[in-house]
Amino acid sequence: MPSSCTGDEVGCSVLAVANQKGGVGKTTTALTLGAALTRMGRRTLVMDLDPHGCASVHLGHFPENVPVSAYDLLLTEGFDAGLWGRALIRGAEGRMDMVASNVRLSELDIDLKGRENKGLLLKKLLGEAASDYDFVILDCPPNMGVLLVNAMVASNLLIIPIQTDFLALHGLRLIFDSIRLLNKVLPRPVAWRALATMFDRRAGACRRVLHLLRGKLGPKLFETVIDMDTQFREASASGGVIYDIAPDSRGAREYMALAKEIVTS
Ligand SMILES: Nc1ncnc2c1ncn2[C@@H]1O[C@H](COP(=O)(O)OP(=O)(O)O)[C@@H](O)[C@H]1O
Ligand SMILES: [Mg+2]
């Protein structure tokens, strides 16, 4: 995938980070990968599509202080450049931009009831608005609904973080069922790759799960594996990403390696 995508209706690379299991590293991946791509000089926007708003809060954007969120953008019919401008939270020098979440995103399924082509809203929006970016990263909610459908339809690549844990493997069926369902109605299949996260190389169980994933998924599994690193929790507690507090840590280096894999593949 080239660093600045062409040839698609959306003029940049849209990476949706999704897995219907919670706590597998979706938000950490969206934010750290976004920061890594930004450090590589790529213009990057992260959109928080999870009503819980963890990505937004993680970067210090509390929903009560966010005047215009992803919810307003998705609810508004037609493209409103002014609204988009107000939703965009510009990152400081060397930092990515963000569109924050709002808890009302959880009502979107109801609010959009009866709206035609409601699975295409995000794709259309990004087609109008995201040409300034090389990458748009979507932090997805853990449940299947109109948000996840929009994210999968808008994406050039779905990144599925998989915790290297036997129980996490069990939960994987849901996301692959969703992909299969969507593929029945989409003109082209959803492109996806999986990312092994929270790997503890000292644990035999973790090593066995990674071996199993490599055997089952082959090249669909990113070469890069994300290890357990306590610095991720420290970073979220400090309102930043791992590059702000520990740029040479293992976790920081691994997400940089993932960014390189994405830019060069
Ligand atoms: N590689 C990792 N090593 C250690 N902790 C991690 C790692 N990735 C994520 N975490 C922590 O695990 C928790 C859940 O991660 P998160 O990214 O919020 O998952 P999700 O978005 O899938 O629910 C967070 O506290 C986060 O800081
Ligand atoms: Mg999350």
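As the structure is a prediction and not an experimental result, all values here were calculated from the model. (Residues numbered from 1 in each chain as written. Chains lettered and ligands numbered in written order. Predicted model: local features only at pLDDT ≥ 70, side-chain atom pairs only at ≥ 80, totals over all residues. Heavy atoms only, no water.)

## Concerning the pattern of salt bridges
Going by this rule: For this analysis, a salt bridge means a side-chain nitrogen from Lys or Arg found within 4 Å of a carboxyl oxygen belonging to Asp or Glu. Helix numbering and strand numbering both begin at the N terminus, where a helix is a DSSP run of H or I of at least 4 residues and a strand a DSSP run of E of at least 2.
Evaluated as defined, the whole model comprises 11 salt bridges. The shortest N-O distance in the salt bridge between R115 and E77 comes to 3.7 Å. Residue R115 is found in the loop between helix 5 (108-111) and helix 6 (121-129), and its partner E77 is found in the loop between helix 3 (70-75) and helix 4 (81-87); the two are separated by 38 residues along the sequence. One salt bridge connects R250 with D227, and the closest N-O pair in it is separated by 3.7 Å. Of this pair, R250 sits in helix 13 (residues 250-264) while D227 is found in strand 8 (residues 221-227), placing the two residues 23 residues apart along the sequence.

## Describing the UniProt feature "domain: AAA" (unreviewed entry) in the chain
This is how it is decided: UniProt positions are given in the numbering used here, feature names are shortened, and annotations may be inferred rather than shown by experiment.
The UniProt feature table records "domain: AAA" (unreviewed entry) at residues 14-184. Along residues 14-184, the helical share is 42% and the strand share 15%, with 21 Å between the first and last C-alpha atoms.

## Here's the deal with helix 13
For the record, the criterion: Helix span, as expected, comes to 1.5 Å for every residue beyond the first. Here's how the labels work: a residue is buried when its accessible area is under 20% of the maximum for its type, exposed when over 50%, partly exposed in between, all with a 1.4 Å probe on protein chains only.
Taking 1.5 Å per residue, 15 residues should reach 21 Å; helix 13 reaches 21 Å between its end C-alpha atoms and fits that length. For helix 13, the set of buried residues is G251, A252, E254, Y255, M256, L258, A259, E261, I262 and V263.

## So, the sheet that holds strand 5 (residues 135-139)
To be explicit about the condition: Strands qualify as paired when DSSP identifies two bridges or more between them. It only takes one pair of heavy atoms within 4.5 Å for two residues to be counted as in contact. Each axis is a line fitted through C-alpha atoms, and for a helix only the stretch in contact is used; angles between axes span 0 to 180 degrees, taken between their N-to-C directions.
The strand order across the open sheet formed by 8 strands is 3-4-2-5-1-6-7-8, and the pairing between neighbours is mixed. With one partner strand each, in any of the chains shown, strand 3 (88-89) and strand 8 form the two edges of the open sheet. Strand contacts of helix 13: strand 1 (13-17), strand 5, strand 6 (157-163), strand 7 (192-199) and strand 8, with the helix running at about 165 degrees to strand 8, the strand carrying the most contacts.

## Examining helix 7 (residues 146-154)
Taking burial as the measure, the 9 residues of helix 7 include 8 buried ones, the bulk of the element. Taken residue by residue, helix 7 has V146, L147, L148, N150, A151, M152, V153 and A154 as its buried positions.

## Things to note about the side chain of H58
Put simply, the test is: Here a polar contact is taken to be a pair of N or O atoms separated by no more than 3.5 Å, where protein atoms must pair a possible hydrogen donor with a possible acceptor and residues adjacent in sequence count only if both atoms sit in side chains.
Mapped onto the elements, H58 comes out in helix 2 (residues 54-58). What makes H58 buried here is its relative accessible area of 14%. Only 2.8 Å separates the side chain of H58 from the backbone oxygen of G240, close enough to count as a polar contact. Beyond its immediate sequence surroundings of up to four residues, H58 is in contact with L31, A235, S236, G239 and G240.

## Considering the nonpolar core
Test applied: Throughout, nonpolar core names a set of buried Ala, Val, Leu, Ile, Met, Phe, Trp, Tyr and Cys residues whose side chains join them through atoms within 4.5 Å.
Within the largest apolar cluster, 59 residues are counted, with the highest numbers of intra-cluster contacts made by M47 and L138. At 7 residues, the largest contribution of residues to this core is made by helix 7. Residues A35, F222, L258 and I262 belong to the second largest nonpolar core, which totals 30 residues.

## Re the site of ligand 1
To keep things clear, this is the line we draw: We define proximity as follows: a residue is near a molecule or strand when any one of its heavy atoms falls within 4 Å of that partner. Throughout, the Shrake-Rupley method with a 1.4 Å probe supplies accessible areas, and for residues the shown protein chains are the sole cover considered. Lys, Arg, Asp and Glu make up the charged group, whereas Ala, Val, Leu, Ile, Met, Phe, Trp, Tyr, Cys and Pro make up the nonpolar group; the residues left over, Gly among them, are polar.
By nearness alone, 14 residues border ligand 1, and G23, T27, T28, D227 and D229 come closest of all. Contact between ligand 1 and G23: an oxygen atom at 2.7 Å from a main-chain N or O atom of the residue. Within the backbone of G25, an N or O atom sits 3.1 Å from an oxygen atom of ligand 1. If ligand 1 stood free it would expose 560 Å²; the protein chains cover 82% of that surface. For the shell around ligand 1, the secondary-structure elements that each account for two or more residues are helix 1 (26-39), strand 8 and helix 11 (231-237). A per-element tally of the shell around ligand 1 places helix 1 first, with 3 residues. The residue makeup of the shell around ligand 1, split by class, is 5 nonpolar, 5 polar and 4 charged.

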